[in-house]
Amino acid sequence: MNFTLRKAHNNDINNILNILSPYVKQGILLPRNTDDIANNLSTFSVAVTPKKHIGVISFYKYNNKLYEIRSLAVDQRYHHHGVGKHLVEYAINDIVQQSKEAIIFCLTYNPVFFKKTGFLEVEKNTLPHKIWKDCQYCKHRDNCTETAMIYKADIKV
Ligand SMILES: CC(C)(COP(=O)(O)OP(=O)(O)OC[C@H]1O[C@@H](n2cnc3c(N)ncnc32)[C@H](O)[C@@H]1OP(=O)(O)O)[C@@H](O)C(=O)NCCC(=O)NCCS
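Residues numbered from 1 in each chain as written. Predicted model: local features only at pLDDT ≥ 70, side-chain atom pairs only at ≥ 80, totals over all residues. Heavy atoms only, no water.

Caption draft 1: Structural view of the nonpolar core. Among the nonpolar cores identified, the biggest contains 23 residues, and Ile69, Ile104, Phe114 and Phe119 are the most heavily contacted of them. Sorting the residues of this core by element identifies β3 (53–63), β4 (66–74), α3 (83–98), β5 (103–108) and β7 (147–151) as the ones contributing at least two each. Sort the elements by how many residues they give to this core and α3 lands first, with six residues. Ranked by size, the runner-up nonpolar core spans 15 residues in total, among them Leu20, Leu29, Phe44 and Val56. (Core = buried A, V, L, I, M, F, W, Y, C linked by side-chain atoms within 4.5 Å. Buried < 20%, exposed > 50% of the residue type's maximum accessible area, 1.4 Å probe, protein only. Helix = DSSP H or I, 4+ residues; strand = E, 2+ residues; numbered from the N terminus.)

The structure is reproduced here in structure tokens:
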């Protein structure tokens, strides 16, 4: 499929919200709003075809050594074409350019996908306490079944 990846611009924000929206409604992703995205625009990247936006990814920097992949979503009509995997690789490249020693983690309901992009499952309690600050906004905060995973560049399956 013909798509390209690039850093997000201000005029991508509505498209980003549209891609995230169905997954936010399902409780798979945390809600984001225009201000959240505008204030952190440099951490967002998009996948676009010549006609439309089809995917988005972002990351959050806790400090130079700890980054979280977040707000990853691909329009359901474009699943299973490699868009998600390319977005993860693009964001990892972005992070590694900022910090060679970064530990990159994610919290996900889709560990199979992340395993295929080079992440390994870890115990949640091995991640620092501060990463749980967003849990208050999550629909599943009292019954969390997310898997914690850390990126290991050399273990893609
Ligand atoms: C997860 C998501 C981003 C994957 O996007 P995608 O573009 O369909 O994924 P890709 O086509 O790049 O798939 C990469 C690999 O993962 C596999 N994969 C993708 N989705 C999968 C799923 N739901 N279950 C199991 N494997 C999956 C693919 O088969 C592919 O395997 P291969 O390399 O052996 O062919 C997409 O399903 C999505 O937007 N989900 C809803 C939001 C979400 O869960 N975000 C992540 C939360 S942190």
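Having seen the model, we can carry on.
Caption draft 2: Examining α3 more closely. Helix length check: α3 (16 residues) gives 23 Å between terminal C-alpha atoms against 22 Å at 1.5 Å per residue, within 8%. All buried positions along α3 are accounted for by Val83, Gly84, Leu87, Val88, Ala91, Ile92, Asp94 and Ile95. The arc enclosing the buried residues of α3, seen along the axis, measures out at 165°, which places them on a common side. (Expected span 1.5 Å × (residues − 1). Arc of directions from axis to C-beta.)

Caption draft 3: Main features of the pattern of salt bridges. Inspection of the entire model under this criterion finds five salt bridges. Asp75 is paired through a salt bridge with Lys52; the nearest N and O atoms lie 3.4 Å apart. Residue Asp75 is located in the loop between β4 and α3, and its partner Lys52 is located in the loop between β2 (45–48) and β3; the two are separated by 23 residues in the primary sequence. You can call Asp75 buried: its relative accessible area is 12%. Residues participating in the shared-partner salt-bridge network are Lys52, Asp75 and Arg77. (Salt bridge = Lys/Arg side-chain N within 4 Å of Asp/Glu carboxyl O.)

Caption draft 4: Seen up close, the site of the ligand. Close to the ligand lie 20 residues, the nearest being Val74, His80, Gly82, Gly84 and Lys85. A distance of 2.8 Å is found between an oxygen atom of the ligand and a backbone nitrogen or oxygen belonging to Val74. With respect to the ligand, the backbone of Gly82 contributes an N or O atom lying 2.8 Å from an oxygen atom. Here the ligand, which alone exposes 910 Å², has 76% of that area covered by the protein. Of all the secondary structure elements, the ones that give two or more residues to the shell around the ligand are β4, α3, β5 and α4 (111–116). (Near = heavy atom within 4 Å. Polar contact = N/O pair within 3.5 Å; in protein donor to acceptor, adjacent residues only side chain to side chain. Areas by Shrake-Rupley, 256 points an atom, 1.4 Å probe, with all protein chains shown as cover.)

Caption draft 5: View of the environment of Asn11. Within the element layout of this structure, Asn11 appears in the loop between β1 (4–7) and α1 (13–25). Using a relative accessible area of 63% as the deciding quantity, one classes Asn11 as exposed. Taking the C-alpha atoms as reference points, Asn11 and Ala38, separated by 27 residues in sequence, lie 9.7 Å from one another.

Caption draft 6: Seen up close, the environment of Tyr151. Mapped onto the secondary structure, Tyr151 falls in strand β7. What makes Tyr151 buried here is its relative accessible area of 19%. Residues Tyr151 and Gly118, 33 residues apart in the sequence, show an inter-C-alpha distance of 5.7 Å.

Caption draft 7: The arrangement of the side chain of Thr147 in detail. For Thr147, the position within the fold is in strand β7. Apart from the residues lying within four places of it in its own chain, the contact partners of Thr147 are Cys106, Leu107, Thr108, Pro111 and Glu121. (Contact = heavy atoms within 4.5 Å.)

Caption draft 8: Summary view of the sheet that holds β4. In spatial order, the strands read β1-β2-β3-β4-β5-β7-β6; together these seven strands make up an open sheet with mixed pairing. Each edge of the open sheet carries a strand with a single partner, namely β1 and β6 (119–122). Across this sheet, the average inter-strand angle for adjacent strands is 30°, counted without regard to direction. Strand direction decides the pairing type here: β1 and β2, joined by four bridges, are antiparallel. Within β2, the position partnered with Lys7 by the bridge is Ser45. Along the sheet, α1 makes contact with β2, β3 and β4, crossing β3 at roughly 85°. With respect to the sheet, α3 is in contact with β1, β2, β3, β4, β5, β6 and β7, its orientation differing from that of β4 by roughly 155°. (Pairing = 2+ DSSP bridges. Axes fitted to C-alpha atoms, helices over the stretch in contact; angles between N-to-C directions.)

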